[in-house]
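Here is what each chain is made of, one letter per residue.
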Amino acid sequence: KEAASEEKYIVAGNLCKQVGDRHDGDPSSHPLLTEEHERWIVMAEQTEQVMKDLLVDPSESPEYWKKQGESHGHRDTMIHYHVDSRNRLTCRIETPIESSLLLPIISVFNETDLHHTWMPSWSVPKVGIKESNKLGEYGRGHQLIYMYVQLPFPLHDREVYEHVYAVDAIDSHNCIAIKALSSPVGSFEGLVKEPTGKKVRQLGLDVGFTIRPCPLDHHLLETSKANYPEDEKLILLSLQQWVDPHVSFVPQTMQNFFTRNFMSSLWGGLLKVAEEVRENKRPDHAKAIAEKKELYDWVEARVQVMFDNMEIEQK
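A brief look at the structure comes next. (Residues numbered from 1 in each chain as written. Predicted model: local features only at pLDDT ≥ 70, side-chain atom pairs only at ≥ 80, totals over all residues. Heavy atoms only, no water.)

**Concerning the side chain of His 218**
Relative to the helices and strands, His 218 is located in the loop between strand 9 (204-213) and helix 7 (219-222). Residue class for His 218 comes out buried when judged on its relative accessible area of 10%. For His 218, the side chain forms a polar contact with the side chain of Glu 94, separated by 3.0 Å. A polar contact of 3.1 Å, which involves the side chain of His 218, links it to the backbone nitrogen of Leu 220. In this structure, His 218 is in contact with Met 78, Glu 94 and Leu 236, ignoring residues within four places of it in sequence. (Helix = DSSP H or I, 4+ residues; strand = E, 2+ residues; numbered from the N terminus. Buried < 20%, exposed > 50% of the residue type's maximum accessible area, 1.4 Å probe, protein only. Polar contact = N/O pair within 3.5 Å; in protein donor to acceptor, adjacent residues only side chain to side chain. Contact = heavy atoms within 4.5 Å.)

**Quick notes on a negative patch on the surface**
Judged by side-chain charge, Asp 57, Glu 60, Asp 217 and Glu 222 come together as a negatively charged surface patch. Here Glu 222 lies in helix 7. (Patch = residues over 30% accessible without salt bridge, like charges linked within 9 Å, V, L, I, M, F, W, Y side chains within 5 Å. Areas by Shrake-Rupley, 256 points an atom, 1.4 Å probe, with all protein chains shown as cover. Salt bridge = Lys/Arg side-chain N within 4 Å of Asp/Glu carboxyl O. Lys, Arg positive; Asp, Glu negative; His and termini not counted. Charge placed at Lys NZ, Arg CZ, Asp CG, Glu CD.)

**Digging into the side chain of Arg 92**
Within the secondary structure, Arg 92 is located in strand 3 (residues 89-98). From its side chain, Arg 92 meets the backbone oxygen of Asp 53 in a polar contact 2.8 Å long. Polar side-chain contacts of Arg 92 include one of 3.3 Å to the backbone oxygen of Leu 54. For Arg 92, the contacting residues outside a window of four places in its chain are Asp 53, Leu 54, Val 56, Pro 58, Trp 65, Met 78, Ile 79, His 80, Leu 239 and Gln 240.

**Re the environment of Gln 143**
Here Gln 143 is to be found in strand 5 (residues 142-150). In sequence terms Gln 143 and Val 164 are 21 residues apart; their C-alpha atoms lie 5.2 Å from each other. Within the structure, Gln 143 has its side chain in polar contact with the side chain of Asn 110 (distance 2.8 Å).

**Quick notes on a nonpolar patch on the surface**
On the surface, Leu 135, Tyr 138 and Leu 191 cluster together into a nonpolar patch covering about 230 Å² of accessible area. With respect to the helices and strands, the residue Leu 135 is situated in strand 4 (residues 128-139).

**Quick notes on helix 4 (residues 102-110)**
Here helix 4 lies mainly inside the structure; 8 of its 9 residues are buried. Residues Leu 102, Leu 103, Pro 104, Ile 105, Ile 106, Ser 107, Val 108 and Asn 110 constitute the buried set of helix 4.

**Quick notes on the packing of aromatic side chains**
This structure, assessed with the given rule, holds 6 aromatic pairs. Arranged with centres 5.1 Å apart and planes meeting at 80°, the rings of Tyr 64 and Trp 65 form a pair that is edge-to-face. When the centroid spacing of 5.0 Å and the interplanar angle of 50° are considered together, the rings of Tyr 146 and Tyr 161 count as tilted. Taken together, the residues Tyr 146 in strand 5 and Tyr 161 in strand 6 (residues 157-168) connect sequence positions 15 residues apart. This pair shows no difference in class: Tyr 146 is buried, exactly as Tyr 161 is. In this structure an aromatic cluster arises from ring pairing among Phe 109, Phe 209 and Trp 267. Seen from the ring of Phe 188, Arg 39 lies directly overhead, with NZ or CZ sitting 4.2 Å from the centre. Its end group placed over the ring of Tyr 148, Lys 130 keeps NZ or CZ at 5.5 Å from the ring centre. (Phe/Tyr/Trp six-rings, centres within 6.5 Å; stacked < 30°, edge-to-face > 60°. Lys NZ or Arg CZ within 6 Å of the ring centre and 35° of its normal.)

**A few points about the pairing of strand 2 (residues 76-83)**
When you tally the buried positions in strand 2, you get 7 out of 8 residues, the bulk of the element. Pairing of strand 1 (residues 66-72) with strand 2, which is carried by 6 bridges, proceeds in the antiparallel orientation. The residue of strand 2 that forms the bridge with Ser 71 is Thr 77. Sheet topology note: the strand 2/strand 3 ladder contains 6 bridges and is antiparallel. Residue pairing in the sheet places Tyr 81 in a bridge with Cys 91 of strand 3. (Pairing = 2+ DSSP bridges.)

Below is the structure:
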């Protein structure tokens, strides 16, 4: 429990798994392991998979990751994608940022009640987030989120219950990992409900995200045209996302095409919003950062540990 309170869910989950392995190899049958303990085990496994996917240079796995392209405009960004045997698309995006942009971008992700202020939306036809609420908070950056998205006819609206958690993996991998995953009906003690109406469908979502010091030999830096601040350290943001909108009448290949291009635009917009937060142009986000000082101070302190570790390794 102490490890989980420090967001070290890999440690917590593996300890619980060891207890379960000593009890007929089935953690769920152990009398001392609760639903929360079982969740930590799953979270540990999911986080280890995120790091396995994102801490490796995609160029080392060309048979898996196909390069869509890279850009060197306002931000250096590289996009890869993977299509599995069922024709489902996973996108991967990487961007180095200066350290002063980290807390703003964390606030853009974390402040779910403010998602509607920056996510793309249109009034005609009605498209965009109608509702975004935090249903539960279980630690620093550990939340259950409900989101309702309006879509134009003939599409049905979508809703998603999203389990989001941050993991301190600095001791083992020198990174912070974040996972966001749609949750099944009935989970979280019944907080995850059936769709609210006949014309509402659930959205499938699986997102992995890592924050780590940017390697000095990263390809994007070698070809960069950006003038990064000399007095700031660089952080590498890596994100991968799979989405299942459950739109059966639209060919999967067409869905993949639009997703690949939409993800690039959404990522660029998200970074722009983070810059506006840093420039004090988003007072609601600034207020949230001030009110949740413990969370954002923790992120800042742990990132400094990452850079200290990197400097030790380079010596």
